[in-house]
Amino acid sequence: MREFFGKRGAKFRLKLRDFAIFACLFLNKCYNLYYELQKISRFAFCIRLLRGFPFLRPGCRRGGTEDLAYGKKVFAAVNAQRAVNLIWDDKVYEQCKIHSQNMASGKVAFGHDGFSTRIKNLGGSGAENVAYNYSDDPNTVVNQWMNSSGHKANIMNKNFKKSSVAAVKSDDGKWYYTQIFIP
């Protein structure tokens, strides 16, 4: 009985070792492919792997569709709330668009992750409003922001002169908005 178990155990150890080698090679290949898309470190890759890649989970969001015209309607609705209109800025829009696309695709959670990087790319000071909803009415998101004291303070702040809004619709029909304000 011991010999049989010994042989079987040896086979099992061999299979486990082969599997471990295969898994390491496979994960290294996955990292190399993922790095080309995301430009992240191996550590960040491992953290995402442990959390589970959002795009590998069933029913996850795969991407989003940006709508510049709709974003400009939201921008106009924000300006309707202010005494002095904000000026549309294309550099700000690019930062807003990237963040809204990342939220819509599930690359980042809904929220202000990476705000410090976005604002640093724009000169170093400013504020940000984000939101999501299923409405195609630009006033819906502006009402959401105006009913929140922090978001309303950003909209009404007289020190902010430039801004933009990016609206991205995810595959499940949810709109993700980012508005950045700069002096």
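Residues numbered from 1 in each chain as written. Predicted model: local features only at pLDDT ≥ 70, side-chain atom pairs only at ≥ 80, totals over all residues. Heavy atoms only, no water.

**Examining the packing of aromatic side chains**
Overall, the coordinates contain 9 aromatic pairs when judged by the stated rule. Considering the side-chain rings of Trp 88 and Tyr 93, the 5.4 Å spacing of their centres and the 35 degrees angle between planes classify their relative orientation as tilted. Accessibility assignment for this pair places Trp 88 and Tyr 93 in one class, buried. Taken together, the ring pairs in this structure connect Tyr 70, Trp 145, Trp 175 and Tyr 177 into an aromatic cluster. (Phe/Tyr/Trp six-rings, centres within 6.5 Å; stacked < 30°, edge-to-face > 60°. Buried < 20%, exposed > 50% of the residue type's maximum accessible area, 1.4 Å probe, protein only.)

**Regarding the environment of Asp 172**
Structurally, Asp 172 is set in the loop between strand S4 (162-170) and strand S5 (175-182). Placed 68 residues apart in sequence, Asp 172 and Ala 104 show a C-alpha to C-alpha distance of 9.2 Å. (Helix = DSSP H or I, 4+ residues; strand = E, 2+ residues; numbered from the N terminus.)

**Remarks on the pattern of salt bridges**
As enumerated under the stated definition, the model contains 4 salt bridges in all. When the shortest N-O distance is used, the salt bridge between Lys 97 and Glu 94 registers 3.4 Å. Of the two residues, Lys 97 and Glu 94 are both situated in helix H4 (residues 90-105); the distance of 3 residues between them amounts to about one turn of the helix. The class for Glu 94 is partly exposed, based on a relative accessible area of 35%. Put simply, Lys 169 and Asp 136 hold a salt bridge, and the shortest N to O gap is 3.6 Å. Of this pair, Lys 169 sits in strand S4 while Asp 136 sits in the loop between strand S3 (127-133) and helix H6 (138-146), and the two are 33 residues apart along the sequence. The class of Asp 136 is exposed, set by a relative accessible area of 52%. (Salt bridge = Lys/Arg side-chain N within 4 Å of Asp/Glu carboxyl O.)

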